[in-house]
Amino acid sequence: WGMVNQAPGAPVASAPVAVDVPAVTILSASQTGNARRLSEQLRDDLLGAKLNVNLVNAGDYKFKQIGQEKLLVVVTSTQGEGEPPEEAVALHKFLMSKKAPKMDASAFAVFGLGDTSYEFFSKAGKDFDARLAELGAERLLDRVDADVEYAAEAQSWRQRLTDILQARVPQAGSAQVTAAVTGSVNEIHSSPYSKEAPLSASLAVSQKITGRDSDKDVRHIEIDLGDSGLRYQPGDALGVWFENDTALVQELLELLWLKGDEPVTVDEHAVPLAQALQKHYELTVNTPQIVEKYAGLSRNEALMSLIGDKSALQHYAQTTPIVDMARYAPTELNAEQLTGLLRPLTPRLYSIASSQAENESEVHITVGAVRFDIEGRARTGGASSYLADRLHEDDEVRIFIEHNDNFRLPADPQTPVIMIGPGTGIAPFRAFMQQRDSDGAGGKNWLFFGNPHFTEDFLYQVEWQRYVKDGLLTHIDLAWSRDQQHKVYVQDKIRAKGAELWRWIEEGAHIYVCGDANRMAKDVEQALLEVVAEFGAMDIEAADEFLSELRIERRYQRDVY
Ligand code: 2AM
């Protein structure tokens, strides 16, 4: 993503916006890119209907003026325990607060992208929808809460919304139609590679970087980009398409008395079932819907007793992989019944661990292999075990870049940087340091890293030590959670270094957090709040306000999942 060389709000096209025609503002609040792609499609539809459109990433939106919007469309995903995507956190907080303006001159529509296997399904969409109505805005059409497979619902919603807006708004003459893009435009348009049309690249290096006695299996992976011309920036994520383990496919087929050569239809093509299961369906993520449907098909009494009980279904799905459910309640299904249960396979995103300033034709990621066992049988995560176990050097892997403008180094090379990244959350900071090293950036850098054991789990130890020696890394604080009786986490180190951390913040430091969203990122935020309150001499409310301001100024950025 690159910044537009124009004042925010300035139209990109040369034709002037007709002043008397209200623009439709589309607020795109995206976590993995789906909300943004949908927003772009809607923009194109509305432009096609000769409406003025202003597409804004939520992170760039000047939300204090939200009350002036005449026509507002919010496309948002939801993350973790019902939070809005990172780029919409400040907007969401403002809108939910007492400071939110009256909106009785506005009309709005909301599309929520979610995942029904989560307890707080589409909560951000529900929040925005309810709050906009509460503030007095008129709802143009009912909110949609879409599940992982949202394409059909999205298309029909776009059509209905376009019709409604077209009927309501005096249309601009064709010469006056213009799309205004505030903040950033998507550079990806110039790249021939995307989620739908990925680059086939080859695996160059796959190396275990945790020790032999570690509880974790973390891999450093390098992918050769060849002369593809694929470009990314530190902070971006790598999308990886993967395939399921053929042994898992076989195990599932046998439990269901299927052979694997039964033809099924995938993207309008006939494909043998075994191949479809390997390449086109999720086998490693169970969901309440799958459990519910399987219960109905298998007529297994214990599973049937879960039907309708949302939290029991959720718990069962979270603790029982699909194959173990089939083992527990084996049943005879036909091939179409099986694929009818399953979700289509989607690529996984990994924070990029390298900079092209240092490795022009490579992209690196840091992958924690997910391994556990269910009743003595080894189970693995889909993409992580593909990368760690099944992909070998020189094998082809399909990848694309998911740009993330919400996780960027400061524009000024002198600005101090504070990086908090326990576990595989370290990845983007390796990219940051490579970039700052090559740029000869003079700003100070401070890393907080944590993992269970110093001897086993110090990811990229040699590199950090070199950066400390060379002076690029001003401070490194390490939290080895299991090297002593009591747990020590990065937030403990943050609290212990509060005075100096506050000095850095006063000097204009940017703070970055990467890693676990549900526990770590929340605990780290609490520690930061306490540091700001104590050393900035504020009460907790003022500290909270201070942190919100940092977020709005892009001085507090998170890449959490
Ligand atoms: P633990 O597994 O020993 O509890 C990376 O996973 C590191 O983050 C590990 O050292 C892990 O410690 C630690 N961790 C676990 N929960 C955390 C939390 N709530 N906040 C910060 N770090 C946490």
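Above this text you will find the structure in question.
Heads up: these notes are all about the structure in this document. (Residues numbered from 1 in each chain as written. Predicted model: local features only at pLDDT ≥ 70, side-chain atom pairs only at ≥ 80, totals over all residues. Heavy atoms only, no water.)

**Considerations on the packing of helix α2 (residues 89-96) against helix α19 (residues 540-552)**
Right, on to step 1. At a minimum axis distance of 9 Å, the contact between α2 and α19 shows a crossing angle of 135°. As the angle between them shows, α2 and α19 are arranged oblique. With respect to the hand of their crossing, α2 and α19 are arranged in left-handed fashion. Across the interface between the two elements, Val89, Ala90 and Lys93 of α2 pack against Asp544, Ser548, Arg551 and Ile552 of α19.
Right, on to step 2. Its residues assigned to classes, the contact of α2 with α19 comprises three nonpolar, one polar and three charged. (Axes fitted to C-alpha atoms, helices over the stretch in contact; angles between N-to-C directions. Helix = DSSP H or I, 4+ residues; strand = E, 2+ residues; numbered from the N terminus. Parallel < 35°, antiparallel > 145°, perpendicular 65-115°, else oblique. Left-handed = near helix turned anticlockwise from the far one by under 90°. Contact = heavy atoms within 4.5 Å. Nonpolar A, V, L, I, M, F, W, Y, C, P; charged D, E, K, R; others polar.)

**Quick notes on the sheet that holds strand β24 (residues 556-560)**
Right, on to step 1. Reading across the sheet, the five strands line up as β22-β21-β20-β23-β24 and stay open at both edges, with parallel pairing between neighbours. Edge strands, defined here as strands with exactly one partner in the open sheet, are β22 (475-480) and β24. For this sheet, the mean inter-axis angle between neighbouring strands, taken without regard to orientation, is 10°.
Right, on to step 2. In the packing of helix α17 (residues 498-506) onto the sheet, contacts are made with β20 (417-420), β21 (445-451), β22 and β23 (510-515), and the angle to β21 comes to roughly 135°. (Pairing = 2+ DSSP bridges.)

**A few points about the nonpolar core**
Right, on to step 1. Ranked by internal contacts, the top residues of the largest apolar core, which has 35 residues, are Tyr294 and Leu338.
Right, on to step 2. Sorting the residues of this core by element identifies α5 (246-255), β13 (263-266), α6 (273-279), α7 (288-298), α9 (310-319), α10 (322-328) and α11 (335-341) as the ones contributing at least two each.
Right, on to step 3. What Tyr294 contacts, discounting residues up to four positions off in sequence, is Leu256, Leu303, Met325, Ala326, Ala329, Pro330, Thr331, Leu333 and Leu341.
Right, on to step 4. In terms of nonpolar packing, the next biggest core, distinct from the first, is built from 30 residues, Phe448, Val490, Ile511 and Leu550 among them. (Core = buried A, V, L, I, M, F, W, Y, C linked by side-chain atoms within 4.5 Å. Buried < 20%, exposed > 50% of the residue type's maximum accessible area, 1.4 Å probe, protein only.)

**Observations regarding unusual backbone geometry**
Right, on to step 1. Positive phi, close to 55°, is recorded for Arg299, a residue that is not glycine.
Right, on to step 2. Looking at the element boundaries, Arg299 is found in the loop between α7 and α8 (301-304).
Right, on to step 3. Taking relative accessible area as the criterion, Arg299 reaches 57% and is therefore assigned exposed.
Right, on to step 4. Of note, Glu375 is a non-glycine position whose phi angle comes to about 45°, a positive value.
Right, on to step 5. Position of Glu375 among the secondary structure elements: in the loop between β17 (371-374) and β18 (377-380).
Right, on to step 6. Its relative accessible area of 74% is what places Glu375 among the exposed residues.

**Brief notes about the pattern of salt bridges**
Right, on to step 1. Going through the model one piece at a time under the given rule, you end up with 41 salt bridges.
Right, on to step 2. When the shortest N-O distance is used, the salt bridge between Arg554 and Asp60 registers 3.0 Å. Of this pair, Arg554 sits in the loop between α19 and β24 while Asp60 sits in the loop between β3 (53-57) and β4 (71-77); the two residues are 494 residues apart in sequence, bridging distant segments of the chain.
Right, on to step 3. The class for Arg554 is partly exposed, based on a relative accessible area of 22%.
Right, on to step 4. Residue Asp60 is classed as buried on the basis of its relative accessible area, which comes to 14%.
Right, on to step 5. Where Lys497 meets Asp477, a salt bridge forms, and the shortest distance between an N and an O atom there is 2.6 Å. With Lys497 in the loop between α16 (490-496) and α17 and Asp477 in strand β22, the pair connects residues that are 20 residues apart, well separated along the chain.
Right, on to step 6. Owing to a relative accessible area of 8%, Asp477 belongs among the buried residues under this scheme.
Right, on to step 7. Taken together, the salt bridges that share partners define one network made up of Arg36, Arg37, Glu40 and Glu402. (Salt bridge = Lys/Arg side-chain N within 4 Å of Asp/Glu carboxyl O.)

**Re the site of the ligand**
Right, on to step 1. Near the ligand lie 13 residues; those nearest to it are Ser481, Arg482, Lys487, Tyr489 and Asp523.
Right, on to step 2. Interatomic distance of 2.8 Å between a side-chain N/O atom of Lys216 and an oxygen atom of the ligand.
Right, on to step 3. In this structure, Ser481 approaches the ligand through a side-chain N or O atom, which is 2.6 Å from an oxygen atom.
Right, on to step 4. Across the complex, the protein chains shield 84% of the 480 Å² of accessible surface that the ligand would expose by itself.
Right, on to step 5. Of all elements in the fold, only β21 and α18 (520-535) reach the threshold of two or more residues within the shell around the ligand.
Right, on to step 6. In terms of residue class, the shell around the ligand is built from three nonpolar, five polar and five charged. (Near = heavy atom within 4 Å. Polar contact = N/O pair within 3.5 Å; in protein donor to acceptor, adjacent residues only side chain to side chain. Areas by Shrake-Rupley, 256 points an atom, 1.4 Å probe, with all protein chains shown as cover.)

**Remarks on the side chain of Glu69**
Right, on to step 1. Structurally, Glu69 is set in the loop between β3 and β4.
Right, on to step 2. The buried charged residue Glu69 lacks any salt bridge, with Lys70 as its nearest oppositely charged partner at 8.2 Å.
Right, on to step 3. For Glu69, the side chain forms a polar contact with the side chain of Thr25, separated by 2.6 Å.
Right, on to step 4. At 2.6 Å, the side chain of Glu69 forms a polar contact with the side chain of Tyr61.
Right, on to step 5. What Glu69 contacts, discounting residues up to four positions off in sequence, is Thr25, Tyr61, Ala105 and Ser106. (Lys, Arg positive; Asp, Glu negative; His and termini not counted.)

**Section: a negative patch on the surface**
Right, on to step 1. A cluster of acidic side chains, namely Glu358, Asp437, Asp439 and Asp470, defines a negative patch on the protein surface.
Right, on to step 2. Tracing the backbone through its elements, the reader meets Glu358 in the loop between β15 (348-351) and β16 (362-368). (Patch = residues over 30% accessible without salt bridge, like charges linked within 9 Å, V, L, I, M, F, W, Y side chains within 5 Å. Charge placed at Lys NZ, Arg CZ, Asp CG, Glu CD.)

**Digging into the packing of aromatic side chains**
Right, on to step 1. A full pass over the atoms with the stated rule returns 16 aromatic pairs.
Right, on to step 2. Between Phe429 and Phe432, the aromatic rings sit 5.8 Å apart at their centres with planes inclined by 75°, giving edge-to-face as the arrangement. Note that Phe429 and Phe432 are positioned in helix α13 (residues 427-439) at a spacing of three residues, about one turn of the helix. As far as the burial class goes, Phe429 and Phe432 line up, both buried. (Phe/Tyr/Trp six-rings, centres within 6.5 Å; stacked < 30°, edge-to-face > 60°.)

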